[in-house]
Each structure stands twice: as structure tokens, then as C-alpha cells.
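Understanding the architecture of this molecule
Single-letter residue listing:
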Amino acid sequence: MNEFLNISLERDSRTPLYMQIRNAIRDMIAEKLLPSGFRLPPERRLAAQLGVNRSTVVKAYEELAAEGLIQSHVGRGTLVNAGEVQGQAAWQSSLPMRWTHLFNRQAARVNDPLISDLLAQLTEGDTINLAAGVPAAELYPTADFARICAEMLDRKPHELLEYSAPQGLIELRTYLAGHMRERGADQGPEGILVTSGSQQGLELIARIMVEPGDTVIVEEPSYPGAMQVLRAAGARLVGVPLDARGIRIDILEQLMHRYRPKLFYTMPTFQNPSGNSMSEEDCRAVLELAYRYHVPVVEDDAYCEIYFGSSRRQSLFAMDVCGAVLYLNTFSKMMFPGLRVGWAAGPVEVIRQMTLLRQLADINTGTLPQAVLAEYCQRGLLVNHLGMIRSQYCKHRDAALQALNDFAPPGMSWNEPEGGFYIWCHLSPGVKGETLLRVCRNTGVGFVPGEAFFTDDNNGNDYIRISYSRCHPAAIRTGVERICASVRKIVKEGSGQTGIKQPAEGLAPLALL
Ligand code: PMP
């Protein structure tokens with residue numbers, strides 16, 4: 001019997017190679033392309049055919065054997081065990097619907113569980129979570145929110161439980177327009193769309209702007225949630241590096257000239273993950289390039305309110321004089337993420353198109369959360385809350401920096417953010433983020449390895465992102481101490497000799513928000 005298997009592998013997929021092989025064989029068995037008794041190629045031969053390590057094929061075979069789909073027989077090799085069930089009517093023994101084969105090509109590209117992985121970590125018992133970029137739960141304004149919610153439901157028992165305008169409640173958009181005006185952006189409520197978190201804003205922008213094959217420039221490092229959305233829309237991502245001085249304007253210009261990109265996605269204020277902000281001079285240079293090359297800029301401003309200095313920074317959106325910037329923001333970091341309220345601001349024609357598209361997805365952001373939020377903001381509670389969280393997160397940041405100063409081994413370096421949730425750490429030479437994470441997980445601390453923030457998984461593995469938002473300062477100190485101790489351990493023993501397992505082939509990096 002012919003032992004050749006027609007399997008093609010996607011080497012840049014985040015699905016590990018062994019899983020791709022396992023899935024392909026499993027599918028062929030389900031489709032009856034490989035009948036019971038079919039002899040699979042020996043591991044070594046299939047490995048050579050596919051250009052992978054033998055261990056990759058061994059692992060795929062082991063999993064198929066565990067599922068009962070194949071079986072090794074001494075002297076006869078590995079045989080398919082399709083297991084026909086006797087005595088069933090034909091329709092009862094039909095194959096299960098194979099949904100994944102029916103996904104359209106765009107949807108099938110989205111196979112990276114990054115975000116849900118990280119959310120799972122949030123509930124991982126005693127782990128000190130320096131991975132998730134979410135607010136500290138004890139700072140949530142729960143009591144005020146609950147009180148206003150009860151009052152409003154009492155006052156308007158039906159209205160708040162109805163559908164509402166897809167563009168968002170006018171009360172909330174009016175408040176947001178005023179809020180943005182205070183930061184210098186002359187934006188009326190008609191140029192604002194309330195979204196279900198800024199993730200939806202990103203998705204809508206990708207959907208109205210990006211055609212498969214378009215180039216989009218992102219900072220490197222950048223927010224993986226945005227990179228995933230852009231990729232899912234078919235964009236080819238090209239990274240412009242951020243260095244210690246900031247964004248490489250010279251390279252941005254070269255990239256704009258060379259690729260004529262569809263968009264430039266940027267976080268000029270307290271960037272995720274670097275924590276750094278663009279200088280005013282660089283902001284002006286970015287706008288100048290955007291105008292010269294006709295490249296719209298998407299400004300993601302999720303962290304602008306979490307500043308530790310005396311005043312807010314100006315947004316690119318407020319500096320823009322040509323209507324070239326689309327602006328995204330969210331209540332997820334300043335209040336709580338489960339609210340799922342964010343907003344997009346921009347030229348009316350863009351907001352209109354985004355609104356039309358969002359109607360197809362979810363009609364409107366929840367009427368009740370919007371209404372309660374609008375009332376909360378109008379009563380001046382948001383302003384008070386922001387004052388309180390700024391001083392708290394500043395303490396969190398200080399605890400993390402102090403711990404790094406106290407415990408970091410030689411060769412490790414980091415920035416000192418003036419706002420936002422993140423410290424971007426360069427590891428000691430020879431220490432890789434993923435290896436460090438494996439060691440740290442055993443000590444009960446999590447963070448995000450740097451490679452998750454790059455367009456290419458091969459970059460950034462000498463960095464980690466430490467998020468100081470979620471945990472209490474004492475836990476942050478302990479967590480950072482453990483990370484530093486693990487770095488020392490790896491440096492001392494050499495990662496190859498620590499008994500630490502190296503990352504499995506194609507292992508998806510830990511997720512992040
Ligand atoms: N943009 C950035 C830069 C973020 O860090 C996040 C969440 N971590 C988002 C967007 C998405 O936030 P939201 O909860 O509003 O969808």
C-alpha cells in the first residue's frame with residue numbers, strides 16, 4: 001500500500017507543526033481517504049518528506065494513537081484504525097460535520113488564541129499576574145456604578161433595556177466630545193462612534209479600510225490584538241522600529257515611500273508594550289509624513305488617562321489639521337474592561353461607514369452600560385475616579401521600578417514609564433523571554449514574552465513586558481523579585497543546562513491584553 005501522505009504545512013502559522021500533521025491525518029481518516037489498515041509512513045520518512053524533526057512526527061502519531069485513530073503493530077508499522085461501527089443505519093454512521101473545512105479563508109487565518117489564553121491566566125489562583133494589561137479589580141468603581149445603574153433603571157425602566165442608536169447614545173457622545181475638546185480635539189458628537197471596546201473600533205477600521213494584500217505599518221513592538229485584527233483582514237504588516245529615542249522617523253519615511261501603505265497604526269501615548277510616548281517633534285513628523293504620502297493614521301489612545309505627571313499629553317488627533325487621523329479610545333483601562341465601551345472619532349464619512357458596518361455585527365453597544373456610563377461621567381465621577389487611579393497606578397509603577405532596581409541582575413535594563421500599565425524590560429544577554437516564562441511559571445509569576453509584540457515571532461525574544469496594573473504593589477515587588485531571580489538562575493546555569501524544557505516547536509506565545 002502507498003505510504004505517501006499528501007500533507008502541506010504552513011510554517012508561518014502559529015499552529016504548531018505537529019498539530020498541523022495530526023490534524024491533516026485525522027481529516028484524511030475522517031474523509032475515508034485513509035481506510036482502516038492503511039500503513040502510515042514510518043516517522044523518519046514522513047519527517048524527511050515534510051522537512052521537520054522526527055520528534056514532530058512522533059508527537060503527531062502519539063496524539064493520533066491516543067485518540068484511537070492509529071495503532072502501532074510490531075513488524076507491520078503504524079496502521080490506521082478507522083473503527084467502522086457495526087450494526088448502525090447508514091445515516092447514523094455518517095461522519096461528523098467538519099466545520100473547520102467550511103470556514104472562509106479570512107476566518108481560517110484567525111487561529112491564535114492569544115487573548116483567551118491570557119484571560120484564562122487572570123483566574124489562575126495564586127499566580128502573580130504581571131501579564132495582563134487590565135486594571136486592578138479593587139480599583140473598579142463598583143459601588144458608584146451599581147448605585148447609578150439602580151437609579152436609572154428605576155427612572156427609565158424600559159428605555160435602557162431597548163435597542164438604541166448604532167452610533168451610540170447622544171448623551172455619551174456629547175460627553176465624549178467635551179472630554180476630547182479638553183484635550184484640544186475639536187470633535188462634535190457626530191464624529192464619534194461608541195464601540196463595544198476599542199477592539200471593535202480596530203476591527204471596524206480594518207474592515208472598512210483593509211483589502212487583502214494591503215500593507216499596514218505598525219510600530220515594533222506593537223499591540224498584538226491590533227496586529228491580529230489587521231492580519232485577519234488580510235493586511236501584510238510591516239514594522240517600524242521604536243528605539244530608546246522613540247519611533248524611527250527615518251525608517252517610517254522609507255517604509256511609506258516604498259510600500260505606500262494603507263494605514264499606519266500607532267499608540268503615541270504610553271505605548272503597549274514599551275510604555276513610552278512619542279515626543280511632540282516626532283508627532284509632528286508622523287503627521288507630516290502621513291500628509292505627504294496620503295497615509296491615514298490610526299491612533300490608539302487606550303492609556304492616555306493613566307498619566308503620572310501633571311497633565312495629559314496632546315493626542316495626534318488633536319494636532320491633525322488634515323483629517324488624516326482616526327482616533328480610538330476605551331473605558332477598559334480607566335474603568336473596567338467588562339463594560340465593553342470604547343469610542344472611535346474621526347471624519348464624519350469614516351464614522352458613518354463604521355456605524356453602518358457595526359450594525360451588522362452587534363447593532364449597538366449595550367444601551368444600559370452606555371446610559372449608566374454617561375450619567376457617571378456627567379456627575380463628575382469619572383474625573384474623580386481618574387485622579388484616584390492615577391495616584392494608585394503611580395504607586396504600582398514605583399513598586400515595580402524599585403523592585404527592578406533592587407533585584408535585577410547585571411545586563412537587564414528597562415524604561416521608566418510616565419504613564420500607562422507597562423514596563424518593557426530588556427533581559428540579560430542569553431536569556432530568552434519564553435524560557436524565562438517557563439521557569440517563572442513554576443515560581444508563580446506570569447508576564448508576557450517580548451516576541452508576542454513583533455510582526456515576526458523571531459524578534460523580541462530578549463524582551464519581556466511587565467504589567468504593573470493588576471496586582472497590589474507588594475505582590476508586584478514579589479513578582480519582579482522572582483523574575484529577577486529566575487533570570488540570574490538562567491544566566492548562571494546557562495539555559496541549555498538548567499533542565500528547563502526549551503519551547504516546543506511552534507509554541508504560541510502567551511497572550512496579552
Ligand atoms: N488597544 C490597546 C493598545 C490595548 O492595550 C487594548 C487592550 N489591552 C485594546 C486596544 C482593547 O481594549 P478594549 O477592551 O477597549 O477592547
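As a starting point, this report considers the structure included with it. Per chain, residue numbering runs from 1 following the sequence as it is written. Totals for whole chains, interfaces and linings use every residue, but because this is a predicted model, local features are given only for residues with pLDDT of at least 70 and side-chain atom pairs only at 80 or more, for both listing and counting. By convention in this description, side-chain values take in all heavy atoms of the structure and omit both hydrogens and water.

Here the focus is the pattern of salt bridges. By convention in these notes, a salt bridge is any Lys or Arg side-chain nitrogen within 4 Å of a carboxyl oxygen on Asp or Glu. According to the stated counting rule, one finds 21 salt bridges in the structure shown. For arginine 379, the salt bridge identified is with glutamate 375, shortest N-O distance 3.0 Å.

Right, let's get into helix H13 (residues 348-362). Secondary structure elements are defined from DSSP: runs of H or I of at least 4 residues count as helices, runs of E of at least 2 residues count as strands, and each element is numbered from the N terminus. Residue count minus one, scaled by 1.5 Å, sets the expected span of a helix. Helix length check: H13 (15 residues) gives 21 Å between terminal C-alpha atoms against 21 Å at 1.5 Å per residue, within 8%. Three or more residues of H13 are buried, namely Val350, Ile351, Met354, Thr355, Leu357 and Arg358. For this analysis, residues touch if any pair of their heavy atoms sits within 4.5 Å. Looking at the buried side of H13, the elements it contacts are strand S5 (192-195), helix H8 (197-209), strand S11 (325-330) and strand S12 (342-345). A positive phi of about 65° marks isoleucine 363, the residue just after H13. For each residue, the accessible area found with a 1.4 Å probe, counting protein chains only, is set against the maximum for its type, and the residue is called buried under 20%, exposed over 50%, and partly exposed in between.

Quick look at the environment of glutamate 219 now. Residue position: glutamate 219 is located in strand S6 (residues 215-220). Classification of glutamate 219 by relative accessible area gives buried; the value is 2%. When the C-alpha positions of glutamate 219 and arginine 248 are compared, they lie 9.3 Å apart, and in sequence the two are 29 residues distant. Glutamate 219 has contacts with Val240, Leu242, Ile247, Phe264, Tyr265, Thr266, Met267, Gln271 and Met278, leaving out every residue within four places of it along the chain. At 2.6 Å, the side chain of glutamate 219 and the side chain of threonine 266 are in polar contact. Polar contact criterion, stated in full: a pair of N or O atoms within 3.5 Å, where within protein one must be able to donate a hydrogen and the other to accept it, and residues adjacent in sequence count only if both atoms are side-chain atoms. Here the side chain of glutamate 219 touches methionine 267 through a polar contact of 3.2 Å, landing on its backbone nitrogen.

So, about helix H1 (residues 17-30). For H1, with 14 residues, the first-to-last C-alpha span of 20 Å sits near the 20 Å given by 1.5 Å per residue. Leu17, Tyr18, Gln20, Ile21, Arg22, Ala24, Ile25, Met28 and Ile29 are the residues of H1 that are buried. In the core, the buried residues of H1 are packed alongside strand S1 (39-40), helix H2 (43-50), helix H3 (54-66), strand S2 (70-73) and strand S3 (77-80). Looking one or two residues past H1, lysine 32 carries a phi angle of roughly 65°, positive in sign.

Attention now goes to the nonpolar core. Buried residues of nine kinds, namely Ala, Val, Leu, Ile, Met, Phe, Trp, Tyr and Cys, make up a nonpolar core once their side-chain atoms join them within 4.5 Å. Within the largest apolar cluster, 100 residues are counted, with the highest numbers of intra-cluster contacts made by Phe264, Phe331, Leu436 and Ile483. In terms of residue count, helix H15 (residues 381-407) provides more of this core than any other element does, 11 residues in total. Core analysis: the next-biggest nonpolar cluster, separate from the first, contains 28 residues, Ile205, Val216, Val350 and Met354 among them.

Here the focus is the pairing of strand S14 (residues 422-426). Consecutive side chains along a regular strand alternate between the two faces of the sheet. The element S14 is extensively covered by neighbouring structure, given that four of its five residues are classed as buried. Whether two strands pair depends on DSSP finding at least two bridges between them. Relative to S14, strand S13 (residues 413-414) is paired through two bridges, and the arrangement is antiparallel. In the sheet register, tryptophan 414 faces S14, and the bridge partner there is cysteine 425. The pairing of S14 with strand S17 (residues 463-467) spans five bridges and is classified as antiparallel.

Further remarks concern the sheet that holds S13. Pairing is antiparallel across the open sheet formed by four strands, whose spatial order is S13-S14-S17-S16. The outermost strands of the open sheet, each flanked by one partner alone, are S13 and strand S16 (448-449).

The subject of this paragraph is unusual backbone geometry. Note that the residue after glutamate 220, namely proline 221, is joined by a cis bond; omega there is 5°. Inspection of the secondary structure assignment puts proline 221 in the loop between S6 and helix H9 (224-232). In the segment running from asparagine 272 into proline 273, the intervening peptide bond is cis, with an omega of 20°. Structurally, the position occupied by proline 273 is in the loop between strand S9 (263-266) and helix H11 (280-293). Even without glycine at this site, isoleucine 363 takes up a positive phi of about 65°.

Any functional reading would require information beyond the geometric quantities listed.
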